[in-house]
Amino acid sequence: MTESQTTVLVPGRIHPRALERLKSAFTVIQTDPGAEMALSEDDKAKITGVATTNRMPAHWIGELPNLKVISNFGVGYDGVDAAFAASRGIIVTHTPDVLNDEVADTTIGLLINTVRRLPVAETYLRGGRWEKEGAFALSPLSLKNRHVGLLGLGRIGIEIARRLEPFKVKISYHTRNPREGVPYTYVPTLIELAQSVDTLISIIPATPETHKIINADVLSALGSNGVFINVGRGTSVDEDALMAALKSGTIAAAGLDVFYDEPRIPAGFFDLPNLSMLPHVASASVPTRNDMADLVVNNLIGWFRDGKVLTPVPETPVKG
Ligand code: A2R
């Protein structure tokens, strides 16, 4: 079978460049958001590849009897049941590395926005208040002399740590396994990390183990000068506990790019002056998203042309 006879399903939306390239290489069936598996039995039987934006649960996979490979747009693939796919011999790929720099850059921006209140200052200026009311209030917090703890020191975490070095902050981290050859202090538990630092950055995946691990105890350990930044996954945070901690002054401030139930934001978050929020844009530049789109398509082309994928997830049964 030639590539153009290979049928690839796009369940719902995907990056336009990915869609365009998929259409030039394969026969593409795209279904509507909300009706992703509304397919005839004939079509289901034809589909051997899927290109998705972090959504392919087990019951969808189970409906495609001849599926061979799922190519995910994004490094996080928590919406794809990779373990179930593996149990059926189906390969899952994702888009690591090509977004490391963008996400790390955004993290530094969000950290500074949170600590120095720059978006609030800009809103003040744009509202004409500088001229009328005088200088914007001094930020109570500063990045100077902070001790940053990274929860996660993987491909993205290490890039964040490297970018933090010129800011002359102390850097510690917690992961399940210490990372070899890094100059940062390893802390064996999350709670001890929160106790020992005043700034906590979360860059870990969504897994059952990381579900709501940033809880009231961790926030209380971070303390009243504490700043919490999340650029990993919103499911790592107990948002009720975070809201309470920001309201009561248990911690000083937080910056979030990711949320528990995106794009829904807890109503109380909008009223918190010490919370800086972004709509999950850490990797969202045209160049980086184009690179991610290319990797999604190249994984499928690699598999159907050469029997090799470029960037399989660790659970996958066949290596690249
Ligand atoms: O625990 P380790 O040694 O496997 O280190 C990984 C750490 N990590 C955890 N740390 C503490 N407790 C856990 N339960 C736990 N699970 C994982 O997160 C490693 O240092 C880091 C993940 O690194 P990578 O797999 O290289 O992922 P990458 O590319 O840095 O992306 C991180 C996440 C994605 O999964 C998306 O959800 C998001 O950032 O964009």
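Our structure is the block above this text.
Parameters at a glance
- Residues numbered from 1 in each chain as written.
- Predicted model: local features only at pLDDT ≥ 70, side-chain atom pairs only at ≥ 80, totals over all residues.
- Heavy atoms only, no water.
- Axes fitted to C-alpha atoms, helices over the stretch in contact; angles between N-to-C directions.
- Helix = DSSP H or I, 4+ residues; strand = E, 2+ residues; numbered from the N terminus.
- Parallel < 35°, antiparallel > 145°, perpendicular 65-115°, else oblique.
- Left-handed = near helix turned anticlockwise from the far one by under 90°.
- Contact = heavy atoms within 4.5 Å.
- Pairing = 2+ DSSP bridges.
- Salt bridge = Lys/Arg side-chain N within 4 Å of Asp/Glu carboxyl O.
- Buried < 20%, exposed > 50% of the residue type's maximum accessible area, 1.4 Å probe, protein only.
- Core = buried A, V, L, I, M, F, W, Y, C linked by side-chain atoms within 4.5 Å.
- Near = heavy atom within 4 Å.
- Polar contact = N/O pair within 3.5 Å; in protein donor to acceptor, adjacent residues only side chain to side chain.
- Areas by Shrake-Rupley, 256 points an atom, 1.4 Å probe, with all protein chains shown as cover.
- Nonpolar A, V, L, I, M, F, W, Y, C, P; charged D, E, K, R; others polar.
- Expected span 1.5 Å × (residues − 1).

Draft legend 1. The packing of helix α1 (residues 16–25) against helix α12 (residues 286–306), seen in detail. Direction vectors running N to C along α1 and α12 enclose 25°, while the axes themselves pass 8 Å from each other. As summarised for this structure, α1 and α12 are arranged roughly parallel, according to the angle between their axes. Here α1 runs over α12; the crossing is right-handed. Taking contact as the criterion, the partners of Arg17, Ala18, Arg21, Leu22 and Ala25 in α1 are, on α12, Asn290, Ala293, Asp294, Val297, Asn298, Leu300 and Ile301.

Draft legend 2. Region of the structure containing the sheet that holds strand β3 (residues 47–52). Ordered by their spatial adjacency, 5 strands build an open sheet running β2-β1-β3-β4-β5, and the pairing between neighbours is parallel. Looking at the sheet topology across the chains shown, the edges are occupied by β2 (27–31) and β5 (91–93). This sheet shows a mean twist of 20° between the axes of neighbouring strands, independent of strand direction. Across 3 bridges, strand β4 (residues 69–72) lies against β5 in parallel orientation. By the bridge assignment, Val69 is partnered in β5 with Ile91. Packing of α1 onto the sheet brings it into contact with β1 (7–11), β2 and β3, and relative to β2 it is tilted by some 140°. Contacts from α12 reach β1, β3, β4 and β5 within the one sheet, and its direction differs from that of β4 by about 160°.

Draft legend 3. Main features of the pattern of salt bridges. Here the structure, examined in full by the defined rule, presents 16 salt bridges. Between Glu63 and Lys44 there is a salt bridge, and its shortest N-O distance comes to 2.6 Å. A residue pair is termed long-range when its members are at least 10 positions apart, and Glu63 in the loop between α3 (58–61) and β4 and Lys44 in helix α2 (residues 41–46) qualify at 19 residues. Assessed through its relative accessible area of 29%, Glu63 is described here as partly exposed. Among the residues examined, Lys44 registers a relative accessible area of 9% and is labelled buried. Within this structure, Asp101, Asp105, Glu159, Arg162 and Arg163 form a network of salt bridges that share partners.

Draft legend 4. The sheet that holds strand β12 (residues 275–277), seen in detail. In space, the 7 strands of this open sheet follow the order β8-β7-β6-β9-β10-β11-β12, with parallel pairing throughout. What marks the edges here is a single partner per strand, and that holds for β8 (185–186) and β12. Alignment of strand β6 (residues 147–151) against strand β9 (residues 199–202), held across 4 bridges, turns out to be parallel. By the bridge assignment for β9, Val148 is matched with Thr199. Seen against the sheet, helix α5 (residues 100–116) touches β9, β10 (227–230), β11 (253–256) and β12 and runs at an angle of roughly 145° to β10.

Draft legend 5. View of the nonpolar core. Counting 50 residues, the largest nonpolar core has Leu22, Leu150, Ile160, Leu164 and Ile201 as its most contacted members. The set of elements that each furnish at least two residues to this core consists of β1, α1, α5, β6, α8 (155–164), β7 (170–174), β10 and α12. Ranked by residue count, the leading element in this core is α12, at 7 residues. Sequence-distant contacts of Ile201, defined by excluding residues within four places in its chain, comprise Thr107, Leu111, Val148, Gly149, Leu150, Leu151, Ile160, Leu164, Ile229 and Val231. With 27 residues, the next largest nonpolar core counts Leu151, Leu200, Val237 and Ile251 among its residues.

Draft legend 6. Structural context of the site of the ligand. Lining the immediate surroundings of the ligand are 18 residues, of which Leu153, Arg155, Ile156, Arg176 and Asn177 lie closest. Within the contact set of the ligand, an oxygen atom lies 2.8 Å away from a side-chain nitrogen or oxygen of Arg155. One of the side-chain nitrogen or oxygen atoms of Asn177 is found 3.0 Å away from an oxygen atom of the ligand. A total of 780 Å² of accessible area belongs to the ligand in isolation, and the protein chains cover 84% of it.

Draft legend 7. Structural context of the packing of α5 against α8. Close contact between α5 and α8 brings their axes to 8 Å; oriented N to C, the two are set at 50°. What the angle tells us is that α5 and α8 run oblique. Remark: the crossing between α5 and α8 carries right-handed chirality. Across the interface between the two elements, Asn100, Asp101, Val103, Ala104, Asp105, Thr107, Ile108 and Leu111 of α5 pack against Arg155, Ile156, Glu159, Ile160, Arg163 and Leu164 of α8. Of the residues contributing to the contact of α5 with α8, the split by class is 7 nonpolar, 2 polar and 5 charged.

Draft legend 8. How the structure looks around the pairing of β3. With 6 of 6 residues buried, β3 is to be regarded as a mostly interior element. Two strands pair when backbone bridges link them, and β1 and β3 are joined in this way by 3 bridges, in the parallel orientation. Bridging across to β3, Thr7 finds its partner in Ile47. Where β3 meets β4, 4 bridges bridge the pair, whose relative direction is parallel. Note on β4: the bridge partner recorded for Thr52 is Asn72.

Draft legend 9. α12, seen in detail. If you check α12, its first and last C-alpha atoms are 29 Å apart, about what 21 residues at 1.5 Å a residue would give, namely 30 Å. Between the side-chain oxygen of the N-cap and the backbone nitrogen of Thr288 there are 3.2 Å, and the N-cap of α12 in question is Ser285. With its phi angle positive at about 70°, Gly307 sits one or two positions after the end of α12.

The values are spatial; any link to function lies outside them.
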